[in-house]
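Single-letter residue listing:
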2 protein chains.
Amino acid sequence: MSKHVRLGPGREFDAVRALVGAWGSSAVGIGDDGALLDVPAGSRLVVSTDSTVQDVHFRREWLEPAEIGWRATMAALSDLAAMGASPLGLLLALTVPDDWRAALPAIASGVGAAAAHTGTPIVGGDLTTGERLSLAITVLGHTPRPLARSAARPGDTLYLTGALGGPGAALAAWRRGGRPRAEDRARFAHPEARLDAGTWMVRQGAHAAVDISDGLAGDARHLAAASGVRCVLDLDAVPCAPGVPVREALVSGEEYELLVAAPALDVTAFAAAHRGLALHAVGRVEAMPGDAAGELVAEEGGQRVALPGGHDHFAAP
Amino acid sequence: MSKHVRLGPGREFDAVRALVGAWGSSAVGIGDDGALLDVPAGSRLVVSTDSTVQDVHFRREWLEPAEIGWRATMAALSDLAAMGASPLGLLLALTVPDDWRAALPAIASGVGAAAAHTGTPIVGGDLTTGERLSLAITVLGHTPRPLARSAARPGDTLYLTGALGGPGAALAAWRRGGRPRAEDRARFAHPEARLDAGTWMVRQGAHAAVDISDGLAGDARHLAAASGVRCVLDLDAVPCAPGVPVREALVSGEEYELLVAAPALDVTAFAAAHRGLALHAVGRVEAMPGDAAGELVAEEGGQRVALPGGHDHFAAP
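Residues numbered from 1 in each chain as written. Chains lettered and ligands numbered in written order. Predicted model: local features only at pLDDT ≥ 70, side-chain atom pairs only at ≥ 80, totals over all residues. Heavy atoms only, no water.

(A) The arrangement of the overall build of chain A in detail. Scanning chain A from N- to C-terminus turns up 9 helices and 12 strands. Each of the 317 residues in chain A was classed as buried or not, and the buried ones make up 61%. A fraction of 87% describes how many contacts in chain A between residues 6 or more apart in sequence connect residues 24 or more apart. Carbon together with sulfur atoms contributes 51% to the accessible area of chain A, which is approximately 10700 Å² in total. (Helix = DSSP H or I, 4+ residues; strand = E, 2+ residues; numbered from the N terminus. Buried < 20%, exposed > 50% of the residue type's maximum accessible area, 1.4 Å probe, protein only. Contact = heavy atoms within 4.5 Å. Areas by Shrake-Rupley, 256 points an atom, 1.4 Å probe, with all protein chains shown as cover.)

(B) Main features of empty space enclosed by the protein. In this structure the tally under the stated criterion is 5 cavities of 30 Å³ or more. There is about 110 Å³ of room inside the largest cavity. Along its surface, the largest cavity is lined by V53, T95, G130, E131, R132 and S134 of chain A together with V53, T95, G130, E131, R132 and S134 of chain B. Residue classes in the lining of the largest cavity are distributed as 2 nonpolar, 6 polar and 4 charged. (1 Å grid on protein atoms, 1.4 Å probe; cavity = no way out; pocket = protein on both sides within 12 Å on 5 of 7 lines; lining within 4 Å. Points joined across faces, edges and corners; volume = space filled by probe spheres on them. Nonpolar A, V, L, I, M, F, W, Y, C, P; charged D, E, K, R; others polar.)

(C) Inspection of the pairing of strand β10 (residues 279–287) of chain A at higher detail. In terms of strand pairing, strand β6 (residues 157–161) of chain A meets β10 of chain A through 5 bridges, oriented antiparallel. Counterpart to T157 of chain A in the pairing with β10 of chain A is R284 of chain A. (Pairing = 2+ DSSP bridges.)

(D) A look at helix α4 (residues 166–175) of chain A. Residues and elements named next belong to chain A. Inspection of α4 places G166, P167, A170, L171, A173 and W174 among the buried residues, and these make up the whole buried set. What you see down the axis of α4 is that its buried residues fit within an arc of 160°, all on one side. Of the surrounding secondary structure, the elements contacted by the buried residues of α4 are α5 (182–189). Immediately beyond the C-terminal end of α4, within one or two residues, lies G177, with a positive phi of roughly 85°. (Arc of directions from axis to C-beta.)

(E) Up close: the packing of aromatic side chains. According to the stated counting rule, one finds 8 aromatic pairs over all chains in the structure shown. Aromatic side chains W200 of chain B and F270 of chain B sit 5.1 Å apart centroid to centroid with 85° between the ring planes, which places their arrangement in the edge-to-face category. Placement of W200 of chain B in helix α6 (residues 195–203) and of F270 of chain B in helix α9 (residues 267–273) is noted, with a sequence separation of 70 residues between them. The same class applies to W200 of chain B as to F270 of chain B, namely buried. Among the aromatic residues, those joined into a ring-pair cluster are W62, W174 and F188 of chain A. A cation over an aromatic ring shows up here: R60 of chain A above the ring of W100 of chain A, its NZ or CZ 3.7 Å from the ring centre. (Phe/Tyr/Trp six-rings, centres within 6.5 Å; stacked < 30°, edge-to-face > 60°. Lys NZ or Arg CZ within 6 Å of the ring centre and 35° of its normal.)

(F) Looking closely at the sheet that holds strand β2 (residues 44–53) of chain B. Read across the sheet, 5 strands follow the order β1(A)-β2(B)-β5(B)-β3(B)-β4(B) without closing on themselves; strand pairing throughout is mixed. Each edge of the open sheet carries a strand with a single partner, namely β1 (35–37) of chain A together with β4 (122–128) of chain B. This sheet shows a mean twist of 20° between the axes of neighbouring strands, independent of strand direction. Where strand β3 (residues 86–95) of chain B meets strand β5 (residues 134–143) of chain B, 9 bridges bridge the pair, whose relative direction is antiparallel. Following the sheet pairing, A93 of chain B is matched in β5 of chain B by A136 of chain B. (Axes fitted to C-alpha atoms, helices over the stretch in contact; angles between N-to-C directions.)

(G) Structural context of the sheet that holds strand β2 (residues 44–53) of chain A. The sheet built from 5 strands is open, its strands ordered β4(A)-β3(A)-β5(A)-β2(A)-β1(B) with mixed pairing. Either end of the sheet is taken by a strand with one partner, and the two such strands are β4 (122–128) of chain A together with β1 (35–37) of chain B. For this sheet, the mean angle separating the axes of adjacent strands, direction not counted, is 20°. Taken strand by strand, helix α2 (residues 65–83) of chain A contacts β2, β3 (86–95) and β5 (134–143) of chain A together with β1 of chain B, and its axis lies near 30° from that of β5 of chain A.

(H) Representation of the environment of D55 of chain A within the structure. For D55 of chain A, the location among the structural elements is in the loop between β2 and α2. Taking the C-alpha atoms as reference, D55 of chain A lies 8.0 Å from R132 of chain A; in sequence the two are 77 residues apart.

(I) Structural detail: the environment of R284 of chain B. All names here are of chain B. Looking at where R284 falls in the secondary structure, it is placed in strand β10 (residues 279–287). The class for R284 is partly exposed, based on a relative accessible area of 33%. Linking R284 and Y159, residues 125 residues apart in sequence, is a C-alpha distance of 8.6 Å.

(J) A look at the domain arrangement of chain A. Residue and element names in this part refer to chain A. Assigned domains of chain A: these are domain 1 (11–143) and domain 2 (157–305). Inter-centroid distance (C-alpha atoms) of domain 1 to domain 2 is 26 Å. With 22 residues of domain 1 in contact, the opposing surface of domain 2 contributes 20 residues. When the area that domain 1 buries against domain 2 is broken down by residue, the three leading residues are W62, W70 and R71, summing to 34%. Across the domain 1-domain 2 interface, the total number found is 2 salt bridges. Between R185 and E67 there is a salt bridge, and its shortest N-O distance comes to 2.7 Å. Counting across the domain 1 and domain 2 interface gives 7 residue pairs in polar contact (both at pLDDT 80 or more). Secondary-structure elements contributing two or more residues to the side of domain 1 that touches domain 2 are α2, β3 and α3 (104–118). Broken down by element, the residue count for the side of domain 1 that touches domain 2 peaks at 11 residues, all from α2. (Domains from an automatic or database assignment. Buried area = accessible area lost by both parts, 1.4 Å probe. Salt bridge = Lys/Arg side-chain N within 4 Å of Asp/Glu carboxyl O. Polar contact = N/O pair within 3.5 Å; in protein donor to acceptor, adjacent residues only side chain to side chain.)

See below:
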């Protein structure tokens, strides 16, 4: 089995040395079979793994190599944000086809930039050949009180960070054979994991959170199902990227914004604490009658309306 | 990004439900963006990631699907064994081509069997499509005192668990178009991570360890380089699988036995504590003069002899 990076001789090790060089001070403790980390006393350890695969999550012609590394890293870190956790470290399992070898330093620089931007040490990795470029990134974090998707309570308000629809609009443009608008492309190519927003939510007593990777409608359904509640989305209140209709914004995936169920929050204080990032109330949580399963419903102009489906990644883009 | 497993609707979720069903009580805390774990007080957290890729680490016709799952899991856990750590949990990032979909339950059962055999909870995962089957497995463990590959000291004895050469003999038979002997095939298809041996070594005051994934010669070189010492292998003392010459055993990779640098150990007590698994003294650690880099040398019949090279995984088998 090819292993955690090492500094012995050989072709694999030369490639690894180049990666570690590109990461500079973000690479920590590389060289043993496993990396060592310490979890602060009183904190729970949170771990998650997330893969980005060529022709499943992106096409080669859409992104620069550094953007592929940045995006895969932020997508993985977004799971920590949704738990309200601060990052402890990440591990990168890279599968690199021969025709991507020359792009490896740029991909690594994107991973390194996202790691440095979020203060996440790169503590290990693994490098193999394969048919398609793949980055499987495992993230570790810690939190005194994790946000669970099963903890939304009747009476909570649903809050959303940022605005939706940019990544979906970019994907739609690429699939038509066109070029996306610069701001939509940037939302797809250069997402930011909402780590500070997640820890702010923990401090403010929020109950539950998910990140919007499957689209707001799909992820709100997951939250409702896990918590056994009715989530009511107010479509008039959902913030959309310029020119994107709300029904497209609802199914735009790869957003990495947070949907949070919480008692009333101060959205002005949130924006002030997050360099202007917006927080919007987009709905409410209600009790389900008896033993009924959780559900998602939507309102528009005060009337119940039908909802589009979610975003299923297990199909090629 | 396809995420950590979830129980909402959709094709990905159906596949995940099948996996979680196959794992039974080994699957713990599946359903949130991240899994929660607690590290015992006074212990360090150890993490490592390891990928098994079709046509890089195995060929489809060599292994049954359940063996692929077992082997990939044990290969990943072997990194914890080499650190002297006990497992806390594992995460599985699976890439599954369409023509492997029918084998997914059997692959999952192999992962589940290895997890249950070692008492390792499966705490998360990720499922995507791709051209080749790939299992990227991240393992987490804890230890009060990690074994590092950089901690071998002059005066230490080098110890090896088990006997070497079976996996190399199996690979050689397959590459010739033949069929390996049953015992050699079993060593390749059904390895055991030496987790109990690793924690025993910690308790006995061992200094350094590596697992033999790149072949004894290659991994002893890594140990020597990381520790800045001379490792002297006694080729007459290296235990080999029946019929395997020592020079082939030295470069047989995928072994998952442990090479340990330690003060004198009781090999009889080791065997008694490990259901007869052998521990052999196979060499010694000496100081390097001045600022010289670490090196590996070998002796046979008391004479210095030349060594073959290591086992480089960054080439297809």
